[in-house]
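What the coordinates show
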Amino acid sequence: MLNIVLFGPPGAGKGTQSAKLIEKYHLVHLSTGDIFRANIKGGTELGLLAKSFIDQGKLVPDEVTIGMLASEVNKQADPKGFIFDGFPRTSAQAKALDDLLQSKGTSISLMLALEVEEEELRKRLLIRGKDSGRADDQNPDIIQNRIDVYNAETMPVKDYYLGQNKYKGIPGIGEIETIFNALCAEIDHA
Ligand code: ADP
């Protein structure tokens, strides 16, 4: 199986590149942000809980996120592989993902990290907020909160995969197609 973690700060382009990667490699795309938003839209109990954290730019608690992700992975009968988008976002999530995949006789193949500087992220998120109506992209304070949470809680996940020799950093600024080609080159060499 080909199991990829697509990593990067909010606004790095994970969603855009995931869409292209799943088409090319026929992987199952699991975006925790998308799943939470679908639950919010559907008015589920999980959605209600997630919304209270997302609206403040905080992470949804690990136990909730890990449980949801595991159940999504378990739903797949015979996947060619997964692209994990927006997960893991904490070291505890990274460990839980390793344990889950190990129980299925597989593992993470590589982490592809889109590297984009903070000033560019703030600009992109505000534009996305206008276009998509996503509430968490419209308020500069919430955006800053997310970037701060990323630096404090999510950055250590990079070290986790560096320690496993699986981390590949890719510049996330430039043409979408150029970035996509750089990602594909890493996958094809993995
Ligand atoms: P972005 O990458 O732009 O921040 P996402 O759609 O990936 O957007 O996530 C939106 C929000 O959903 C996050 O700010 C966070 O509150 C919540 N979320 C998504 N993934 C996770 C996760 N793995 N752990 C905890 N919270 C998460």
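A brief report on the enclosed structure follows. (Residues numbered from 1 in each chain as written. Predicted model: local features only at pLDDT ≥ 70, side-chain atom pairs only at ≥ 80, totals over all residues. Heavy atoms only, no water.)

**Things to note about the overall build of the protein**
A count of helices and strands for the protein gives eight helices and five strands. Taken from N to C terminus, the helices and strands of the protein fall in the order β-α-β-α-α-α-β-α-β-α-α-β-α. Radius of gyration (C-alpha) of the protein: 16 Å, near the 16 Å computed for a compact globule of 190 residues. Counting only C-alpha atoms and orienting by the principal axes, one finds that the protein spans roughly 40 × 40 × 30 Å. Sequence-distant contacts in the protein: of pairs separated by 6 or more residues, those separated by 24 or more amount to 74%. When the accessible surface of the protein is split by element, carbon and sulfur atoms take 52% of a total near 9,500 Å². Positive and negative side-chain charges in the protein, numbering 22 and 27 respectively, have mean positions lying 2 Å apart. (Helix = DSSP H or I, 4+ residues; strand = E, 2+ residues; numbered from the N terminus. Rg over C-alpha atoms; globule rule 2.2 N^0.38 Å. Contact = heavy atoms within 4.5 Å. Areas by Shrake-Rupley, 256 points an atom, 1.4 Å probe, with all protein chains shown as cover. Lys, Arg positive; Asp, Glu negative; His and termini not counted. Charge placed at Lys NZ, Arg CZ, Asp CG, Glu CD.)

**Quick look at the packing of aromatic side chains**
Using the criterion set out here, one finds three aromatic pairs in the structure. Seen in terms of ring centroids, Phe82 and Phe84 are 5.5 Å apart; in terms of plane orientation they differ by 25 degrees. Their pairing is stacked. On the basis of an interplanar angle of 70 degrees and a centroid distance of 5.2 Å, the ring pair of Tyr160 and Tyr161 is categorised as edge-to-face. In this structure Tyr161 comes out as buried when scored by relative accessible area, which is 0%. The ring of Phe180 has Lys20 lying over it, and the distance from NZ or CZ to the ring centre is 4.8 Å. (Phe/Tyr/Trp six-rings, centres within 6.5 Å; stacked < 30°, edge-to-face > 60°. Buried < 20%, exposed > 50% of the residue type's maximum accessible area, 1.4 Å probe, protein only. Lys NZ or Arg CZ within 6 Å of the ring centre and 35° of its normal.)

**Quick word on the packing of helix H6 (residues 118-132) against helix H7 (residues 140-162)**
Orientation of H6 relative to H7, taken along the N-to-C sense of each, is 135 degrees, at an axis distance of 10 Å. Relative to H7, the element H6 lies oblique. In terms of crossing hand, the pair formed by H6 and H7 is right-handed. Where H6 approaches H7, its residues Glu118, Leu121, Arg122, Leu125, Leu126 and Arg128 are matched on the opposing element by Pro140, Ile143, Gln144, Arg146, Ile147 and Asn151. (Axes fitted to C-alpha atoms, helices over the stretch in contact; angles between N-to-C directions. Parallel < 35°, antiparallel > 145°, perpendicular 65-115°, else oblique. Left-handed = near helix turned anticlockwise from the far one by under 90°.)

**Topic: the site of the ligand**
The full set close to the ligand counts 19 residues, and Thr32, Arg37, Lys58, Gln93 and Arg128 are the nearest of them. Within the backbone of Val60, one N or O atom sits 3.0 Å away from a nitrogen atom of the ligand. In the model, an oxygen atom of the ligand is placed 3.0 Å from a nitrogen or oxygen of the Arg146 side chain. Protein chains bury 96% of the 540 Å² of accessible surface belonging to the ligand in isolation. Broken down by element, the shell around the ligand gets its largest block of residues, four residues, from helix H2 (residues 32-42). (Near = heavy atom within 4 Å. Polar contact = N/O pair within 3.5 Å; in protein donor to acceptor, adjacent residues only side chain to side chain.)

**Side note on the environment of Glu63**
Mapped onto the secondary structure, Glu63 falls in helix H4 (residues 62-74). Given the relative accessible area of 68%, Glu63 is considered exposed.

**Comments concerning the environment of Thr154**
Along the chain, Thr154 falls in helix H7. Between the C-alpha atoms of Thr154 and Thr90, which are 64 residues apart in sequence, the distance is 5.0 Å. Once you skip the residues sitting within four places of it in the chain, Thr154 turns out to touch Phe7, Arg89 and Val149.

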